[in-house]
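Architecture at a glance
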Amino acid sequence: MGSFTTRQSLVRCAMLGLVMCGAGKVQAASSVLIWPIDPVLEADQQASALWLENRGNETANLQIRVFGWTQNGFEEQYRNQREVIGSPPVAKIEPGQKQLVRLTRTREVPPGQELAYRIIIDEIPSAQAPAAADGKTAAAIRFQMRYSVPLFAYGAGLWSKEDSTRQRDPKGVGLPQLSWRTVTVDGRPYVEVRNQGAVHARLTDVAIKQSGQDKPLAEGLLGYVLPGAVMRWPAPGPLAGQPALQGRINGAAQVQSIAPAR
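Residues numbered from 1 in each chain as written. Predicted model: local features only at pLDDT ≥ 70, side-chain atom pairs only at ≥ 80, totals over all residues. Heavy atoms only, no water.

1. So, the overall build of the protein chain
Operational definition: Each helix is a run of H or I in the DSSP string that is no shorter than four residues. Each strand is a run of E no shorter than two, and both are numbered from the N terminus. Two residues form a contact once any of their heavy atoms are found within 4.5 Å. Throughout, the Shrake-Rupley method with a 1.4 Å probe supplies accessible areas, and for residues the shown protein chains are the sole cover considered.
In terms of regular secondary structure, the protein chain is built from one helix and 21 strands. Look at the contacts in the protein chain between residues 6 or more apart in sequence, and 66% of them connect residues 24 or more apart. Total accessible area computed for the protein chain in this model is approximately 14,300 Å², and 49% of it derives from carbon and sulfur atoms.

2. Re the pairing of strand β15 (residues 188-195)
Counted only if it meets this: Whether two strands pair comes down to DSSP finding at least two bridges between them.
In this sheet, β15 lies alongside strand β14 (residues 178-185) in antiparallel orientation, the contact comprising eight bridges. Within β15, the position partnered with Val-183 by the bridge is Tyr-190. Between β14 and β15, which pair antiparallel one after the other, the connecting turn spans two residues, and Asp-186 there sits at a positive phi close to 55°. Taken together, the five bridges between β15 and strand β19 (residues 230-234) define a ladder with antiparallel strand orientation. Among the inter-strand pairings, Val-191 is bridged to a residue of β19, identified as Trp-233.

3. Considerations on the side chain of Gln-210
Looking at the element boundaries, Gln-210 is found in strand β16 (residues 201-210). Every residue in contact with Gln-210, bar those within four places of it in the chain, is listed here: Lys-215, Pro-238, Leu-239, Ala-240 and Pro-243.

4. Observations concerning the packing of aromatic side chains
Keep this limit in mind: Note on aromatic contacts: the rings of Phe and Tyr and the six-membered ring of Trp form a pair at centre separations within 6.5 Å, being stacked when their planes are under 30 degrees apart, edge-to-face when over 60 apart, and tilted otherwise. Partly exposed residues are those whose accessible area sits between 20% and 50% of the maximum for their type, while under 20% is buried and over 50% is exposed, using a 1.4 Å probe and protein chains only.
Scanning the model with the defined rule gives five aromatic pairs in all. Relative to Tyr-78, the ring of Phe-67 lies with its centre 6.3 Å away and its plane at 20°, an arrangement referred to as stacked. Of this pair, Phe-67 sits in strand β7 (residues 60-72) while Tyr-78 sits in strand β8 (residues 75-79); the two residues are 11 residues apart in sequence, bridging distant segments of the chain. According to the relative accessible area criterion, Phe-67 is buried, its value standing at 6%. Overall, the relative accessible area of 7% leaves Tyr-78 in the buried class.

5. Observations concerning the side chain of Ser-48
Examined against the element boundaries, Ser-48 turns out to sit in strand β6 (residues 47-54). Taking relative accessible area as the criterion, Ser-48 reaches 15% and is therefore assigned buried. In this view, Ser-48 contacts Pro-39, Val-40, Leu-41, Val-101, Arg-102 and Leu-103; residues no more than four positions away in its chain are not counted.

6. So, the nonpolar core
What counts is decided by this rule: Put simply, buried Ala, Val, Leu, Ile, Met, Phe, Trp, Tyr and Cys residues joined by side-chain atoms within 4.5 Å make one nonpolar core.
Among the nonpolar cores identified, the biggest contains 31 residues, and Val-191, Val-193, Leu-203, Leu-217, Trp-233 and Leu-245 are the most heavily contacted of them. Apart from residues no more than four positions distant in its own chain, Val-191 is found in contact with Trp-180, Arg-181, Ile-208, Leu-217, Met-231, Arg-232, Trp-233, Ala-235, Leu-239 and Leu-245.

7. Notes on the pattern of salt bridges
Side chains that differ in charge, positive against negative, can pair when their charged atoms come close. Operational definition: Salt bridges are identified by distance alone: a Lys or Arg side-chain nitrogen within 4 Å of an Asp or Glu carboxyl oxygen.
Summed over all chains, the structure comprises 12 salt bridges. The salt bridge partner of Asp-122 is Arg-65, with a shortest N-O separation of 2.7 Å. Placement of Asp-122 in strand β12 (residues 114-123) and of Arg-65 in strand β7 is noted, with a sequence separation of 57 residues between them. Note on Asp-122: relative accessible area 3%, which makes it buried. Exposure remark for Arg-65: the relative accessible area of 30% places this residue in the partly exposed category. The structure contains a network of salt bridges with shared partners spanning Arg-65, Asp-122 and Arg-146.

Given below as structure tokens:
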């Protein structure tokens, strides 16, 4: 099976809408509403649901694909896979209507493991040109929107997402185990974050605390670090002394400190 990086996928579309974090529901400029934004496949679930709603005034034609998701060389990588299938693979949603996408697993996840996927939803522009007020064909630019929704599947004995409606063994909760360091690449400072835990880490509101000041790496979502992966982001200026790294991990209410690498 082939693979591609997100950098390559950016070249293939005119606009990329990343739906990776936030609360409840997310709506992009094209008026397609997607929820939940953090679907999971628990060890005892054969399928999960993703809803698409057209809040716009035109028919939305969507293509739905599910890719395997890994991180290597500080980049996101997607691969073709048949472990999780999205159905239907294409959807035509009229204004004001909703479409259920069923995410079905075709094989079990190994016990105690988390596997990561990306649900890629491409909005296919209509080929029909709009009509001008005088009845003539009007020139217009149509952008293809792309949405990327994370999906995590779990093997027996492991879970991560809080859910008050499900009974779970507290011993099975998976937590990321993060450490960080600074590196210099081509004269530029970067922050590297390593995850040695059993489950992913979603990093938001991350900042470096140095000399009593907070220097944000990102306001809102910085990115994900999958189990066993290392990711790198540009640092907000030169770093000296003993700076500290803080942020919210997997939507935690409180800001947490990330331990420096040893």
